[in-house]
Amino acid sequence: MMSDKPEQTRGAHGRGALLDWFEARVNLTEFFALLTSLGLFYVEVDTKKPLRLAVREALAKPVSSYAEWPRVLGPLAVLFFLFQVVSGVLLAFYYRASPSEAYESIRFILRDVNFGWLIHQTHRWGGQLLVAILILRIVRFFFGGVYKKPRELLWISGALLLLLAMHADLTGRLLTWNQISYWSTVRGAELIFTLPLIGPLLGFLVGGQEIGAATLSRFYILHILILPAAVFVLLYFNFATVRRVGLTEAASPTNVGGRRQYRDYLYNLATLVVLIVGVLVSLAVIQPVPFYPEIDLLSTPVEVQPPWYLLAPHVLVDVLLGRLPDLLKGTLFLASVVLLVLWPFVDRSPGKTMRERATVVTIGTLAFLLWVVLTIYGVALQNIGAP
Amino acid sequence: MTWILFAALVQPQSVCVTCHPAERVQLEASVHSREGIGCESCHGGVPESLDEERAHSGDYRGVPSREDIPALCASCHADPTAMRPYNLPIDQFALYQISGHGRKLAEGDDRVAVCTDCHGAHEVRSASNPESPIFRVNVPETCGHCHADAELMADYRLSADVLDEYRGSVHGEALLEDANPNAPNCARCHGVHGASPPGFGDVAKVCGQCHGSAREYFERSVHKEAMDAAGLPECASCHGNHAIGPAGTELAEGVCLECHESGSPPAETGRRLLALQSATVHEIERAGELIEEAERIPLDVGDYRARLELARTHLQEAYPVMHSLDVEQVTPLTLSARSGAEDVQREIYEKLSDIRLRRLGLVLFWFYILLTVAILVRLRRQKKET
């Protein structure tokens, strides 16, 4: 603790002077407090104190036990989201969202722009990993009972985040405007149009029952503006509720006896950022997504398949229950999504330990195993080229 | 204006269709109905009468017998004055009479094709109508009605496999699958109304209509005289007739050895021609695959497709020259085709190796990442100690 009055001790020279100049005109600590709201810090910031002091205090505080090292899925999702924003902005400099130009602009990004391929491929992989992390997070919430009172909103915002990330991925796929992305969107949309309520709504969102120029520009706006904004709001909400109720009972605000300081936590986050970039770049180089041929409206390619996270429902609904009418299949799908989001109000078991929720945990484990098995089955079907 | 309605009402009409509604449907789909040719034009009788006895009287001839049909059609279709407005030829009947079908019919065999077998009776459509049995693409099927009928063909000692052979041939695939408007159907080689098999001497002429260059080189080769002397059909001896394959297949199947002894100089020439051809085809195919692979990354494939097409054109030029049996003449063409394809391959390989450099870069990148992580861990420890 150097001083409580930094204006006087450091005001005379260099960076400190500039900071003070700003500090005198705007409350910089408020911006810092905003940053802490995105899960990068789980710490309360006193906005009345000057920035330097507030930061120093925050860094010296012990880490809340619910933010200890392995429990990083939330901050990890934030980091991936930020990466998607940055790489997405870079891509938007070159991408053109019109049917006649979209495909060529992707080709231009991948082929002619310096390191365009790297940005494009990491953006694509980043989206997949973001969805994967949010799925893992929901699974962890389920087995940890992190949806019991008072953490219902934590679960709901987590589930909604997952749904939003999936939609961001789906809209992003169409933007590449090639044979595969076009037809997989057409197939998906055809099923959704049969749904009650959601069908007409989607028709409104994509500009009619045909995937065309109107859909492309709507998906573009959804992908770069509306969905990211919604994700941002939900992330803020999500960590706001984490700060109030914590992740586990033991870590309620009164019981913050962590061993480490926030300074260490920040170093861990920095290490995480570096490793994330490493993983994304490796995937982009080793496993690049191919540049598919242009859209051919006269032929539907056989290999059109839903993305990996929809494989399990696809196998269940289309392959195993293929004979059911579309309306029923759609309603089942919709009902399971609603069930996922409203799960905290469905599960009425008494406590949050595994023993107290034995039935629910068993059912959940079976459902999760079924999901894994069906996904593997779907991948196998893909590989042998069956329906 | 009501008088027009009235006039339409009282106009004497053919009422045959009142009792023959099915024929009416067929007739109305035909070109004849559009030109006002009614039932009586072919069947005679009194078309205004609803009384069966009166309607079927006068020059009524009922269903014309098969022997009479060609002459009946010719009563209009061989008449220059009648056909002039439609710009239709008038030689079909004359040609038919010298055709295999016509001559057999004249001998009293009425199982051979007459006009209605190919054109239909009541529903005669124009040759440009895709529903017509004589539309370009439908002709093989139409001829096949009889010529793929094993029982019928046995009486004439003709093969009933011709339709299947044609379908699998390079010509059949081009016409039926690729919808190539230049691909020949049955009539292109055998004639239309004058249909008959081309004679041995005529095979080269018939094939040469399209394959003029091949014919020219062939006629200057040693094969020409030798095969004429031996009485062998010129093109068909090596290429076959209906089941003709794509260029080069005969060489690969060792067609030379059917006449020449293995190891003899002519067989050796065949072997060298095959080697030239298959090496070139291989390089062109490989270059095509590489272009696809490069497009999937994507790399700049610039003018590669155009250059590969040029290589294909050189190979295409080499095929007719092969009929000269002169390896010296063929080599420059296959060589320029092959080197064109190889140049494209080399340039793509260079670009692909640039892509492989990315993996090397990745190794260096991980080195940098691990270094950064190490520094971070170190910094963290230091801060703790101080």
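Cut-offs used in this document
Residues numbered from 1 in each chain as written. Chains lettered and ligands numbered in written order. Predicted model: local features only at pLDDT ≥ 70, side-chain atom pairs only at ≥ 80, totals over all residues. Heavy atoms only, no water. Phe/Tyr/Trp six-rings, centres within 6.5 Å; stacked < 30°, edge-to-face > 60°. Helix = DSSP H or I, 4+ residues; strand = E, 2+ residues; numbered from the N terminus. Buried < 20%, exposed > 50% of the residue type's maximum accessible area, 1.4 Å probe, protein only. Lys NZ or Arg CZ within 6 Å of the ring centre and 35° of its normal. Domains from an automatic or database assignment. Contact = heavy atoms within 4.5 Å. Buried area = accessible area lost by both parts, 1.4 Å probe. Salt bridge = Lys/Arg side-chain N within 4 Å of Asp/Glu carboxyl O. Polar contact = N/O pair within 3.5 Å; in protein donor to acceptor, adjacent residues only side chain to side chain. Nonpolar A, V, L, I, M, F, W, Y, C, P; charged D, E, K, R; others polar. Core = buried A, V, L, I, M, F, W, Y, C linked by side-chain atoms within 4.5 Å. 1 Å grid on protein atoms, 1.4 Å probe; cavity = no way out; pocket = protein on both sides within 12 Å on 5 of 7 lines; lining within 4 Å. Points joined across faces, edges and corners; volume = space filled by probe spheres on them.

Peer 1: Even after reading the chapter, I still don't get the packing of aromatic side chains, so can you show me in this structure?
Peer 2: Given two aromatic rings, one states the distance between the centres and the angle between the planes to describe the pair. For the structure on display, the rule yields 14 aromatic pairs over all chains. Ring centres of A:Tyr94 and A:Phe108 lie 6.0 Å apart, and the angle between their planes is 45°; on these two criteria the pair is classed as tilted. Here A:Tyr94, found in the loop between α5 (73-92) and α6 (102-111), pairs with A:Phe108, found in helix α6; they are 14 residues apart in sequence, far enough to count as distant. Note on A:Phe108: relative accessible area 37%, which makes it partly exposed. Between A:Tyr147 and A:Trp155 the ring centres are 5.3 Å apart and the planes differ by 70°, which places this aromatic pair in the edge-to-face class. The residues A:Tyr147 and A:Trp155 share a single accessibility class, namely buried. These aromatic residues form a ring-pair network of at least three members: A:Phe142, A:Phe143, A:Tyr147, A:Trp155 and A:Trp343. Lying over the aromatic face of B:Tyr217, B:Arg220 brings its terminal NZ or CZ to 5.3 Å of the ring centre.

Peer 1: Looking at this structure, how should I read the domain arrangement of chain B?
Peer 2: Accessible area lost during the coming together of the parts is what is often quoted as the interface size. All names here are of chain B. Under the domain assignment, chain B is made up of domain 1 (1-63), domain 2 (87-197), domain 3 (200-247) and domain 4 (261-386). Placing the centre of domain 1 and that of domain 2 at their C-alpha centroids yields a distance of 31 Å. Residue-level contacts link eight residues of domain 1 with five residues of domain 2. The contact between domain 1 and domain 2 buries some 590 Å² in all, and 59% of this surface belongs to carbon and sulfur atoms. If you sort the residues of domain 1 by the area they bury against domain 2, Gln26, Ala29 and Val31 come out on top, with a joint share of 55%. Counting across the domain 1 and domain 2 interface gives zero salt bridges.

Peer 1: For this particular structure, what's the right way to read the interface of chain A and chain B?
Peer 2: Across the boundary between the two partners, chain A contributes 24 residues, which contact 19 residues of chain B. Between chain A and chain B, a total of about 2,100 Å² is buried, with carbon and sulfur atoms accounting for 67% of that surface. The interface formed by chain A and chain B holds two salt bridges in total. With a closest N to O distance of 3.0 Å, B:Glu295 and A:Arg107 form a salt bridge. Seen at the junction of chain A and chain B, the total is four residue pairs in polar contact (both at pLDDT 80 or more). Secondary-structure elements contributing two or more residues to the side of chain A that touches chain B are α6 and α12 (262-286) of chain A. Ranked by residues supplied to the side of chain A that touches chain B, first place goes to α12(A) with 15 residues.

Peer 1: Hey, could you run me through the domain arrangement of chain A in this one?
Peer 2: All names here are of chain A. Once the domains are mapped, chain A shows domain 1 (17-62) and domain 2 (69-249 + 264-383). Distance from the C-alpha centre of domain 1 to the C-alpha centre of domain 2: 34 Å. Contact with domain 1, which involves ten residues of that partner, is made by twelve residues of domain 2. The contact between domain 1 and domain 2 buries some 1,100 Å² in all, and 74% of this surface belongs to carbon and sulfur atoms. For the pair domain 1 and domain 2, the number of links is zero salt bridges. On inspection of domain 1 and its partner domain 2, the count reaches zero residue pairs in polar contact (both at pLDDT 80 or more). Residues of the side of domain 1 that touches domain 2, tallied by class, amount to seven nonpolar, three polar and no charged.

Peer 1: Would you explain the nonpolar core in this entry?
Peer 2: Nonpolar side chains tend to gather and get buried jointly when the protein is soluble and globular. The biggest cluster of nonpolar side chains holds 87 residues, and the ones touching the most others in it are A:Tyr95, A:Trp155 and A:Leu235. Residue contributions to this core peak at 13 residues, all from helix α8 (residues 152-175) of chain A. Of the residues that make up this core, three or more belong to each of domain 1 (17-62) and domain 2 (69-249 + 264-383) of chain A. Ignoring any residue separated from it by four or fewer positions in sequence, one finds A:Tyr95 in contact with A:Ala102, A:Ser105, A:Ile106, A:Ile109, A:Leu175, A:Leu216 and A:Tyr220. Counting 27 residues, the second largest nonpolar core, distinct from the first, contains B:Val301, B:Ala318, B:Val330 and B:Ile348.

Peer 1: Honestly, the side chain of A:Thr185 in this entry has me stumped. Any pointers?
Peer 2: Residue and element names in this part refer to chain A. Summarising the element assignment, Thr185 is placed in helix α9 (residues 179-193). Since its relative accessible area comes to 13%, Thr185 is described here as buried. Among the polar contacts made by the side chain of Thr185, one reaches the main-chain carbonyl oxygen of Ser181 at a distance of 2.7 Å. What Thr185 contacts, discounting residues up to four positions off in sequence, is Leu174, Ile211 and Phe219.

Peer 1: Looking at this structure, how should I read empty space enclosed by the protein?
Peer 2: Where empty space is left can be seen by rolling a probe of water-molecule size over the atoms. All names here are of chain A. In total, this model carries three cavities of 30 Å³ or more according to the counting rule given. Its boundaries defined by the atoms lining it, the largest cavity holds a volume of some 60 Å³. Around the largest cavity sit Ala77, Val78, Phe81, Leu130, Leu134, Leu161, Ala165, Val231 and Leu235, which together line it. Elements represented by at least two residues in the lining of the largest cavity include exactly α5, α7 (116-144), α8 and α11 (213-245). Considering every element that reaches the lining of the largest cavity, the biggest residue donor is α5, with three residues. Among the residues making up the lining of the largest cavity, the classes are represented as nine nonpolar, no polar and no charged.

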